[in-house]
Amino acid sequence: MHAKVVRYFVEVVRAGSIRKAAEQLHVVPTAVNRQILNLEEELGAPLFERIHNTLKLTPVGEIVLAHARSTLRDFDAVRQRIEEVRGLREGEASLATMAGLAGAFLPTVTQRFRAAHPGIRLTLLDLPIAEVLRSVRDGDADLGLAYDVPDSAGFRTLFTSEWPIGAVVPPGHPLTARATTVLSECVGHPLILPAASLSLRPILDGAFRRSAISVAPVIETTSTALMRRLVVQGVGITLLNRLDIDEERRAGSLVFVPLRDAGLSPQTLRLVMRAGGEPEPAATLLAGLVIRCLDDLLAP
């Protein structure tokens, strides 16, 4: 129900008459009466019966009253949390994420958060994906940000985004001649691949198998930062998703060429928290900023 209808209805029940309710609401009685009549018409049943100039709830009215009171309580709780967030000057928030995201995405988030909320202390954890999930589940981190998080009843997803995989090459590289490329064109160049322990590698290995491509990387590493640096230095090319190289792509030091191989799915990035509760106000602020930053990067 609309907030105004809820307030008017509850006040009529409390006051026992439309006139008295209108006095408490500082509106004319006809405005209150109109809201009640509209609600009765929408529900298809009367909410009140008049007994000796007093309004008494019908059985339908009793049901609506229980819902209205619950709605007002929930709204008051939401409003209180909003006020807590607006007035927050100090506190703590923690986020666990993977190494690649810690190096490529979190610096921007951290800079913007510190500028907006200098009194809040941040804890940022760089962990393998299993440890990211464990830290959120055990309460060691308020939030978790990771690729390909498995569905689990233990987590609540706050935001999901998909990031296409592509070839990462220096400006002027032959692969930049086209808007997209395929894996078979990439293996003709020195290839720097993520190590098997990184979430991207199984996706790439599956794509190579489906295309019957034998691949012999010149370098394998667990560091996406090192991959990017080696490509800048001209050591070879690598395969990452677009978020992994966003800073270098915007600066013009690297070029992202999307892969169009059939069956090559994008990496799914999720921001999660532990299920069964609401985040603390400081964590709510951090989650909101992470989501806004990701939305900005997803924009064309």
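Details of the structure are given in the entry above.
Residues numbered from 1 in each chain as written. Predicted model: local features only at pLDDT ≥ 70, side-chain atom pairs only at ≥ 80, totals over all residues. Heavy atoms only, no water.

1. Comments concerning the packing of aromatic side chains
The cut-off we apply is this: Only Phe, Tyr and Trp rings take part, Trp by its six-membered ring, and two of them pair if their centres are within 6.5 Å. Stacked means planes under 30 degrees apart, edge-to-face means over 60, and tilted covers everything else. Only runs of H or I of at least four residues qualify as helices and only runs of E of at least two qualify as strands under DSSP, and these elements are numbered from the N terminus. Whether a residue is buried, partly exposed or exposed follows from its accessible area with a 1.4 Å probe, protein chains only, as a fraction of its type maximum: under 20%, in between, or over 50%, in that order.
Overall, the coordinates contain one aromatic pair when judged by the stated rule. With a centroid separation of 5.6 Å and 50 degrees between ring planes, the pair formed by F9 and F48 is classed as tilted. Highlighted residues: F9 in helix α1 (residues 3–15) and F48 in strand β1 (residues 48–51), separated in sequence by 39 residues. Of the two residues, F9 and F48, neither departs from the other in class, the shared state being buried.

2. Remarks on the layout of surface pockets
Under the convention used in this document: Site definitions follow a grid-based scheme: protein atoms alone, a 1 Å grid, a 1.4 Å probe that fits but cannot get out for cavities, and for pockets an open set with protein on both sides within 12 Å along at least five of seven lines, plus lining residues having an atom within 4 Å of a point. Grid points are joined across faces, edges and corners, and a volume is the space filled by probe spheres set on the points. When residues are grouped by polarity, Ala, Val, Leu, Ile, Met, Phe, Trp, Tyr, Cys and Pro land in nonpolar, Asp, Glu, Lys and Arg in charged, and all others, Gly among them, in polar.
The computed volume of the largest pocket comes to approximately 320 Å³. Lining the largest pocket are 19 residues, and of these M98, A99, G100, L198 and S199 lie nearest its centre. Looking at the lining of the largest pocket, the element that brings in the most residues is helix α5 (residues 99–104), giving three residues. Of the residues assigned to the lining of the largest pocket, the class counts are 11 nonpolar, six polar and two charged. Within this model, the second largest pocket holds a volume of roughly 200 Å³. Every residue along the wall of the second largest pocket is listed here: V136, G139, A141, D142, M273, R274, A275, G277, E278, P279 and E280. Residue classes in the lining of the second largest pocket are distributed as five nonpolar, two polar and four charged.

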